[in-house]
Amino acid sequence: MQLVIDNICKDFTNRKGQSLPVLENISLTVREQEFIAIVGPSGCGKSTLLNLTAGLLEPSSGKISFTDVRPGYQPHMSIVFQETGLFPWRSVYDNVAFGLEAKNVPADEKKQRVQKYIELVGLKGFESAYPHQLSGGMRQRAGIARAMSIEPDLLLMDEPFSALDAQTRTIMQEELVTLWEKTRLTTLYVTHNIQEAVMLADRIVLLSRRPGRISQIITVDVPRAERSLPQHTEAIAGFTRTIWEHISKDARAALMEVENNE
Amino acid sequence: MNEFIVTNRMKYWQKTYPHWYSLCFVFLLLCLWEAICRAGIVSSLFLPAPTQILSALFTMTASGEIAVSLAASLVRIALGFVIGALLGLAAGLITGTSALADRLCSPVVNALYPIPKIALLPLFILWLGIGELSKITIIATGVFFPVAMNTFAGVRNVDPLLLKVAASFNASRWLTMKAIILPNALPMIFTGLRLAAGTSLLLLVAAEMIAAQTGIGALILHYGDLMITDRLMAGVIILSLLGVIFNFILLWCEKKAVPWKN
């Protein structure tokens, strides 16, 4: 099973009724067990692309589909949101259980899976805590556990660590690498952090500024688990430099633009 | 092998309908009402038809009856509202910013707040006479409490960070009040004003029904006693219009006064 994004365009209409192109001619195939990062300057439509893929927005034209699906099987997707999107009135346990509730998983299996993923993300002992009692990093762990517990065919992550401080962020990145090696979920990961993309992804898709188009796709050929080792420092820095050279002009232009993300 | 196309799962929540739907629905309801009356299902004594009410409204406007009543009511409600709102605003600002005033006055305000203000009318008539003053006072009292309480809440929910900014620049208490606390409270103040608008209309009609020769409330009571229901309903429609216009004016003021919110 693979995800095919086929020639997607998305326009938004602003309050004056003008049509604003946000994404143009995006075509991309995400293979099974592949980790793809989408990188681009702010306002390039990378979150929009993720929302379209998740089926939370309607594309203006084009088609997003899973191909080679077993007959009668409905693929599942889950999302890790930047602001976590945890329900404040549910404990960590009940938050993680939500996806399984929606999927009508039987009670025993649900309990077992919630436990498993809470342990996997390192939240054991915090099951009964409410989100506001946790630190930012812990909250996002709960968000990741919730998304992973339904064992989705595609995991979508929308800048999951960008609200965290730099140190927590580095730790969470490392943990995500280990976690991913254990689960090997097909992942589409949106970020504006180049270093993060280089540490995590098999392939990195670079989007240009508005309207977002795919300007380049870079394959990171260093094994994921070895990327923080000293012998690969040079190669990793090389990737980071290439990508930054590619998008820095767009990023500077984006900085000068008045924020109007409506 | 099959293909599974990703469709928009937010469709239901993202759906919108054009404005003319509301107009059509109101029109439909009026037609239904008219039809029920025309068919003679309900006696026109109990429920006059919309056209009947409209023609009553026209004759009453033409004879000047509406203008006289409306003028009397408007003077009462305008004076009562402005006085009550100004006092409420002052009380809210003072109790919200001074810890001492809060300790001393808030219990008193909280104790008086739940009293149905109309219960005080006999007392006000005793103190101030049966004339305009007692009616204006009862309206002002009804307006005072929601405005004071909302202003207080708006003052209290100021972001401590913004207060720290002001303190770091050695801003005087007066400047802090004017430049930070008041703007921060404005949206809440307007919520209070709109709540108070409803209360003031209620008290106006109640006071006019208890002790007045002129005014919309007196007019409604008069035609109720005479069982002339179409004229009674015409008065009710004037009240409804008054409420709608009142709310509209406050919304417009809010938009002008709070430009940083949308």
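Criteria and cut-off values
Residues numbered from 1 in each chain as written. Chains lettered and ligands numbered in written order. Predicted model: local features only at pLDDT ≥ 70, side-chain atom pairs only at ≥ 80, totals over all residues. Heavy atoms only, no water. Helix = DSSP H or I, 4+ residues; strand = E, 2+ residues; numbered from the N terminus. Rg over C-alpha atoms; globule rule 2.2 N^0.38 Å. Buried < 20%, exposed > 50% of the residue type's maximum accessible area, 1.4 Å probe, protein only. Lys, Arg positive; Asp, Glu negative; His and termini not counted. Charge placed at Lys NZ, Arg CZ, Asp CG, Glu CD. Pairing = 2+ DSSP bridges. Right-handed = clockwise from strand over helix to strand, strands pointing away. Axes fitted to C-alpha atoms, helices over the stretch in contact; angles between N-to-C directions. Parallel < 35°, antiparallel > 145°, perpendicular 65-115°, else oblique. Contact = heavy atoms within 4.5 Å. Nonpolar A, V, L, I, M, F, W, Y, C, P; charged D, E, K, R; others polar. Buried area = accessible area lost by both parts, 1.4 Å probe. Salt bridge = Lys/Arg side-chain N within 4 Å of Asp/Glu carboxyl O. Polar contact = N/O pair within 3.5 Å; in protein donor to acceptor, adjacent residues only side chain to side chain. Left-handed = near helix turned anticlockwise from the far one by under 90°.

## Topic: the overall build of chain A
The helix and strand tally for chain A stands at seven helices and nine strands. Relative to a compact globule of 262 residues, whose C-alpha radius of gyration would be 18 Å, chain A shows 19 Å and is just as compact. For chain A, with 262 residues in total, the buried portion stands at 50%. Here chain A contributes 29 positively and 32 negatively charged side chains, and the mean placements of these two sets differ by 2 Å.

## Observations concerning the pairing of strand E7 (residues 187-191) of chain A
All names here are of chain A. When you tally the buried positions in E7, you get five out of five residues, the bulk of the element. Judged by which residues are buried, E7 turns out to be covered on both faces: Thr187, Tyr189 and Thr191 on one side and Leu188 and Val190 on the other are all buried. One ladder, built from five bridges, connects strand E3 (residues 35-39) with E7; its direction is parallel. Across the sheet, Ile36 pairs through a bridge with Leu188, a residue of E7. Where strand E6 (residues 154-158) lies against E7, four bridges are found, and the strand directions are parallel. Along E7, the bridge assignment pairs Met157 with Tyr189. The parallel pair E6 and E7, bridged by helix H5 (residues 166-183), forms a crossover whose chirality is right-handed.

## Here we look at the packing of helix H3 (residues 50-62) of chain B against helix H11 (residues 229-257) of chain B
Residues and elements named next belong to chain B. One way to put it is that H3 packs onto H11 with a least axis distance of 8 Å and a crossing angle of 80 degrees. Our classification of the angle between H3 and H11 gives roughly perpendicular. Judged by residue contacts, Gln52, Ile53, Ala56, Leu57, Thr59 and Met60 of H3 engage Asp230, Arg231, Met233, Ala234, Ile237 and Ile238 from H11. When grouped by side-chain class, the residues that make up the contact of H3 with H11 number eight nonpolar, two polar and two charged.

## Regarding the interface of chain B and chain A
Facing the 12 residues of chain B at the interface are 20 residues of chain A. Both faces combined, the contact of chain B with chain A buries some 1400 Å², and carbon together with sulfur accounts for 53% of it. The shortest N-O distance in the salt bridge between Lys63(A) and Glu3(B) comes to 3.1 Å. Inspection of the chain B/chain A interface yields nine residue pairs in polar contact (both at pLDDT 80 or more).

## Side note on the pairing of strand E9 (residues 214-219) of chain A
In this sheet, E9(A) lies alongside strand E8 (residues 203-207) of chain A in antiparallel orientation, the contact comprising five bridges. Its bridge partner being in E9(A), Leu206(A) is matched across the sheet by Gln216(A).

## A word on the packing of helix H4 (residues 65-97) of chain B against H11(B)
Residues and elements named next belong to chain B. Two elements in contact, H4 and H11, have axes whose closest approach is 12 Å; the angle formed by their N-to-C orientations is 40 degrees. As summarised for this structure, H4 and H11 are arranged oblique, according to the angle between their axes. Regarding H4 and H11, the two cross each other, and that crossing is right-handed. Contacts from Glu65, Ile66, Leu70, Leu74, Ile77 and Phe81 in H4 reach Arg231, Ile238, Leu242, Phe246 and Leu250 in H11.

## Looking at the sheet that holds strand E1 (residues 2-5) of chain B
Strand order in this open sheet of four strands is E2(A)-E1(A)-E4(A)-E1(B), and the pairing throughout is antiparallel. Looking at the sheet topology across the chains shown, the edges are occupied by strand E2 (19-30) of chain A together with E1 of chain B. Neighbour-to-neighbour, the strand axes of the sheet open up by a mean angle of 20 degrees, direction not taken into account. As paired strands, strand E1 (residues 2-13) of chain A and strand E4 (residues 61-69) of chain A are joined by six bridges and run antiparallel to one another. Following the sheet pairing, Val4(A) is matched in E4(A) by Ser65(A). On the sheet, helix H1 (residues 46-54) of chain A packs against E1, E2 and E4 of chain A and is oriented at approximately 120 degrees with respect to E1(A).

## Remarks on the pattern of salt bridges
Residues and elements named next belong to chain A. For the structure shown, the criterion picks out 22 salt bridges over all chains. For Arg141, the salt bridge goes to Glu175, with nearest N and O atoms at 3.2 Å. With a gap of 34 residues between them, Arg141 in helix H4 (residues 136-149) and Glu175 in helix H5 connect regions that are remote in the sequence. Of the residues examined, Arg141 reaches a relative accessible area of 16% and is grouped as buried. Accessibility expressed as a relative area gives 34% for Glu175, which makes it partly exposed.

## Notes on the sheet that holds E3(A)
Residue and element names in this part refer to chain A. Strand order in the open sheet formed by six strands is E5-E6-E7-E3-E8-E9, and the pairing between neighbours is mixed. The two strands at the open ends of the sheet, each matched to only one other strand, are strand E5 (77-80) and E9. Ignoring strand direction, the axes of neighbouring strands in this sheet form an average angle of 20 degrees. Against the sheet, H1 touches E3, E5, E6, E7 and E8, its axis set at about 150 degrees to E6. Taken strand by strand, H4 contacts E5 and E6, and its axis lies near 175 degrees from that of E5.

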